[in-house]
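The lines below spell out each chain.
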Amino acid sequence: MSKRLPPVAATKPHAATHHNILRNDPYHWLRADNWQEVMQKPETLDAEIRDYLEAENAWFEAEFGEPTAATQDTIYKEIRGRIKEDDSGIPSPDGPWAYNSRMLEGKQYPQIVRTPRDGGPELILLDCNIEAGDGYFGFGGAEHDLSHRYLAWCADRAGSEYYDVVIRDLATGTDSDEVITETAGSYVWTADSTAIYYTEYDDNHRPFRVKLHVIGTAQDSDTIVFEESDPGFFVGVGATLSNKYVVIDAHDHQTSECWLIDAKTGGEPRVVAPRVTDREYDIDERDGLLYIRTNADGAEDFKIVTVSVDAPGHENWTDLIAHEPGVLILDSIVIKNHLLRLERHEGLPRIVVRDLRTGKEDTVKFDEEAYSLGMSVGYEFDTSVFRLTYSSPTTPSRTYDVDLETGTRTLLKEQEVPSGHNPEDYVTRRLFATAPDGEQVPVTVLYRKGIALDGSAPALLYGYGAYGMSMPASFSISALSLVDRGFVHATAHIRGGMEKGYAWYAKGRREFKTNTFTDFIASAEMLVDQGFTTKGRIVAQGGSAGGMLMGAIANLRPDLWGGIIAQVPFVDVLNTMLDETLPLTPPEWPEWGNPLTSAEDYARIAAYAPYEQVAANDYPPIFALAGLTDPRVTYWEPAKWVARLRATKTGDTPLYLRTNMSAGHGGASGRFDRLKETALCYAFALKAVGLE
């Protein structure tokens, strides 16, 4: 019986010259010329490209999907068994009502409900299971107006992140015939409930302007309120918690600018502080005073300033919370008498509450080695209560209401694990790996108590390391399926994130990008040195920009890994950063560099870009996942990467590409369908280390 052979992508010459360097990209043809159309109408994909992707899918199913179906099903049922399927959120009061969401047993999507504030019969406002039908349903949220008469809800039907906004009359429960189509997903009601501000994409899928839709009028008569001319800046719209102002924000990854519109009177937006490169700020409002979290004036880890809403320019900003190096202010919320700020100090989160009447401050923190902390206040500005969420890798999520006037902390909800969970059976550790330049890289480790730490255990090491995004040390119902099978589950808090402050991010981007990769490798080597696992028994996992990390560490140290899971991986970095028509390219030049204009940036990116650096190595088993309608990491990036790997690598280790032909960046839309994708990845991890 002959061995089945994987698909082989055709090669077609495609030459491009930049900075006097000629490069040939033989798999460029996998990029659909009509990619904008494909995002909205997947059926328009070129037949030759579709045939190749479907051939890869068929080979994957035959070689891996079907043979491991029983393992996948077992893991899926385990993870689903840890979910309380008929779970309800926590009511959030707003005026005479309390709004909530809940999940029903066996259903994929939430219901949005409300009850009278002080108790009474529940009214279902929106059942997403009914609205979803049988296709993809990316629920984008629901926003009630200030009169509580209307609900604006939105959904993406293809995974391309084009959202249609629907207006529902809550008195009758019926949707209006008017639909605001193809929005960019952010929107906000006017104070009088007669109109909605919303964002719109340009032809290259960038949210670039804000329009005003008056209820009862045709969408083609909507007026343009704000339009961004710089393709490197994305635009969003929201409101202050006080509901006094509509806020338009324009931003890239390092620079931001805010504009205000009076929510009652409307009118032209007015800028708070004109953009200055590398200055970031966001705003809230209280009693005519803006509270601004910013990195202005050298405040690398951010500070909080105040300024009158009538004269909000930077020259009038006054420090309220001074910059403290090493204490990163992640977020801030202003309510009637208090300022809340979420900080990270020495790698751990804490919440600091300031009484704006007295200046007195109190701090909320916990004692575990590693944990996750969050804060929110719901809909109301005139309140003394905020909501605190806490979890750790061993401790399921707990949600508290904290009353800042009385000091009481009320446990509202503790995450239930129906199949059972005893935190005492597990160990969470915060360890440190030494990077090549001497930096100490935090690594959060979870394992089952009693496993032998003699190097015999397999490990899954997760990493991201980009855009300043920090990986929380939170509870995961999914990770337990590996940990209970003897895996050590580890998260490397590598540079490119902000786990150790803004400098941790700055030293993991642009000219310092390779620190991200070497930090991850150092984390793996630390796990080996301390007896948690052994070289060749580590499965690396990352997605999106973390998928770039996966491609880079595969090229740098193919011998270290037992397997690599790359989910929607950003691996064709050079070609993407050279293509200014793609949605994320101009906004991401500050993150990676601009190889179109800079020969230095071109050379630096080419030197680490995973697709460019594929070599005749004996790579470990690799599993790449893609989404056909993904506007963030386009489907052809993993497709080209796998095609080049197949043609170049040595050895006979498996290499798989699975493209979801009806989903985008986030994968499947339903909660159970997403669990099946997780089970698929974990089945790959088990097989990679011989634990089928």
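These figures come from a predicted structure and were not determined experimentally.

Rules used in this analysis
- Residues numbered from 1 in each chain as written.
- Predicted model: local features only at pLDDT ≥ 70, side-chain atom pairs only at ≥ 80, totals over all residues.
- Heavy atoms only, no water.
- Helix = DSSP H or I, 4+ residues; strand = E, 2+ residues; numbered from the N terminus.
- Rg over C-alpha atoms; globule rule 2.2 N^0.38 Å.
- Buried < 20%, exposed > 50% of the residue type's maximum accessible area, 1.4 Å probe, protein only.
- Areas by Shrake-Rupley, 256 points an atom, 1.4 Å probe, with all protein chains shown as cover.
- Lys, Arg positive; Asp, Glu negative; His and termini not counted.
- Charge placed at Lys NZ, Arg CZ, Asp CG, Glu CD.
- Axes fitted to C-alpha atoms, helices over the stretch in contact; angles between N-to-C directions.
- Parallel < 35°, antiparallel > 145°, perpendicular 65-115°, else oblique.
- Left-handed = near helix turned anticlockwise from the far one by under 90°.
- Contact = heavy atoms within 4.5 Å.
- Pairing = 2+ DSSP bridges.
- Core = buried A, V, L, I, M, F, W, Y, C linked by side-chain atoms within 4.5 Å.
- Phe/Tyr/Trp six-rings, centres within 6.5 Å; stacked < 30°, edge-to-face > 60°.
- Expected span 1.5 Å × (residues − 1).
- Salt bridge = Lys/Arg side-chain N within 4 Å of Asp/Glu carboxyl O.
- Disulfide = S-S within 2.5 Å.

Caption draft 1: Seen up close, the overall build of the protein chain. Tallying secondary structure elements over the protein chain gives 13 helices and 37 strands in all. Against the 2.2 N^0.38 benchmark of 26 Å for 692 residues, the protein chain shows a C-alpha radius of gyration of 25 Å, consistent with a compact globule. Oriented by its inertia axes, the alpha-carbon framework of the protein chain measures out at about 75 × 55 × 50 Å. Looking at the protein chain as a whole, 58% of its 692 residues qualify as buried. Accessible area for the protein chain stands at about 27,300 Å²; split by element, carbon and sulfur atoms hold 48% of it. Between the mean site of the 66 positive side-chain charges and the mean site of the 104 negative ones, the protein chain shows a separation of 4 Å.

Caption draft 2: How the structure looks around the packing of helix H2 (residues 47-65) against helix H12 (residues 636-648). As a packed pair, H2 and H12 sit with axes 12 Å apart at the nearest point and diverge in direction by 65 degrees. The orientation of H2 relative to H12 falls into the category roughly perpendicular. The element H2 and its partner H12 pack so that their crossing is left-handed. Packed against H2, whose contacting residues are Tyr52, Leu53, Glu56 and Trp59, the element H12 presents Ala639, Val642, Ala643 and Arg646 at the interface.

Caption draft 3: Structural context of the pairing of strand E31 (residues 440-448). By the criterion of burial, E31 is predominantly enclosed, with seven of the nine residues buried. Linking strand E30 (residues 426-434) to E31, which pair antiparallel, is a turn of five residues; within it Gly438 sits at a positive phi near 95 degrees.

Caption draft 4: Representation of the side chain of Thr399. Here Thr399 lies in strand E28 (residues 398-403). For Thr399, a relative accessible area of 11% gives the class buried. When residues no more than four places from it in sequence are discounted, the contact partners of Thr399 are Ile90, Arg387, Leu388, Thr389, Thr410, Leu411, Leu412 and Lys413.

Caption draft 5: A look at the nonpolar core. One finds Leu53, Phe520, Trp561 and Trp592 to be the most contacted residues of the largest nonpolar core, which totals 84 residues. With residues up to four places along the chain from it excluded, the contact list for Trp592 reads Ala466, Tyr467, Arg510, Lys513, Ala545, Met548, Phe570, Met577, Arg604, Ile605 and Tyr608. Of all hydrophobic cores here, the second largest spans 34 residues; its members include Leu482, Val483, Leu625 and Phe684.

Caption draft 6: Focus on the packing of aromatic side chains. Tallying each qualifying case throughout the model produces 29 aromatic pairs. Between the aromatic rings of Trp59 and Tyr656, the centroid separation amounts to 5.6 Å while the plane-to-plane angle is 40 degrees, which identifies the pairing as tilted. With Trp59 in helix H2 and Tyr656 in strand E37 (residues 655-660), this pair connects stretches of sequence that are 597 residues apart. Note on accessibility: Trp59 and Tyr656 belong to one class, buried. Both rings, one in Tyr464 and one in Tyr467, keep their centres 6.5 Å apart while their planes meet at 50 degrees; by these two values the pair is tilted. Using a relative accessible area of 9% as the deciding quantity, one classes Tyr464 as buried.

Caption draft 7: Helix H13 (residues 671-688), seen in detail. Taking 1.5 Å of rise per residue, the 18 residues of H13 would be expected to cover 26 Å, and the 26 Å separating its terminal C-alpha atoms lies within 8% of that figure. Where H13 terminates, the next one or two residues include Gly690, which has phi positive at roughly 75 degrees.

Caption draft 8: Local environment of unusual backbone geometry. You will see that Glu161, though not glycine, has its phi angle at about 70 degrees, which is positive. As for its placement among the helices and strands, Glu161 is situated in the loop between strand E8 (150-156) and strand E9 (163-169). Residue classification places Glu161 among the buried positions, given a relative accessible area of 14%.

Caption draft 9: Highlighting the environment of Leu453. Tracing the backbone through its elements, the reader meets Leu453 in the loop between E31 and strand E32 (459-462). Look at Leu453 and you get partly exposed, because its relative accessible area is 36%. Residue contacts for Leu453: discarding those within four places in its chain leaves Tyr447, Gly531 and Phe532.

Caption draft 10: Just the environment of Pro620, in detail. Position of Pro620 among the secondary structure elements: in the loop between helix H11 (599-608) and strand E36 (622-627). Residue Pro620 is classed as buried on the basis of its relative accessible area of 5%. Along the sequence, Pro620 and Lys649 sit 29 residues apart, while their C-alpha atoms lie 10.0 Å from each other. Once residues within four sequence positions are removed from consideration, Pro620 is found in contact with Pro558, Trp561, Gly562, Gly563, Ile564, Thr653 and Pro654.

Caption draft 11: Looking closely at the pattern of salt bridges. Applying the stated criterion to the full structure yields 50 salt bridges. Taking the shortest distance from any N to any O, the salt bridge between Glu56 and Arg646 comes out at 2.7 Å. Of this pair, Glu56 sits in helix H2 while Arg646 sits in helix H12, and the two are 590 residues apart along the sequence. According to the relative accessible area criterion, Glu56 is buried, its value standing at 0%. Residue Arg495 pairs with Asp519 through a salt bridge whose shortest N-O separation is 2.8 Å. Of this pair, Arg495 sits in the loop between strand E33 (488-492) and helix H6 (502-506) while Asp519 sits in helix H7 (residues 514-529), placing them 24 residues apart in sequence.

Caption draft 12: Main features of the state of the cysteines. Summed over the entire model, instances satisfying the criterion amount to zero disulfides. Free of any disulfide, Cys154 has its nearest neighbouring cysteine sulfur in Cys128, separated by 9.8 Å. For Cys154, a relative accessible area of 0% corresponds to the buried category.

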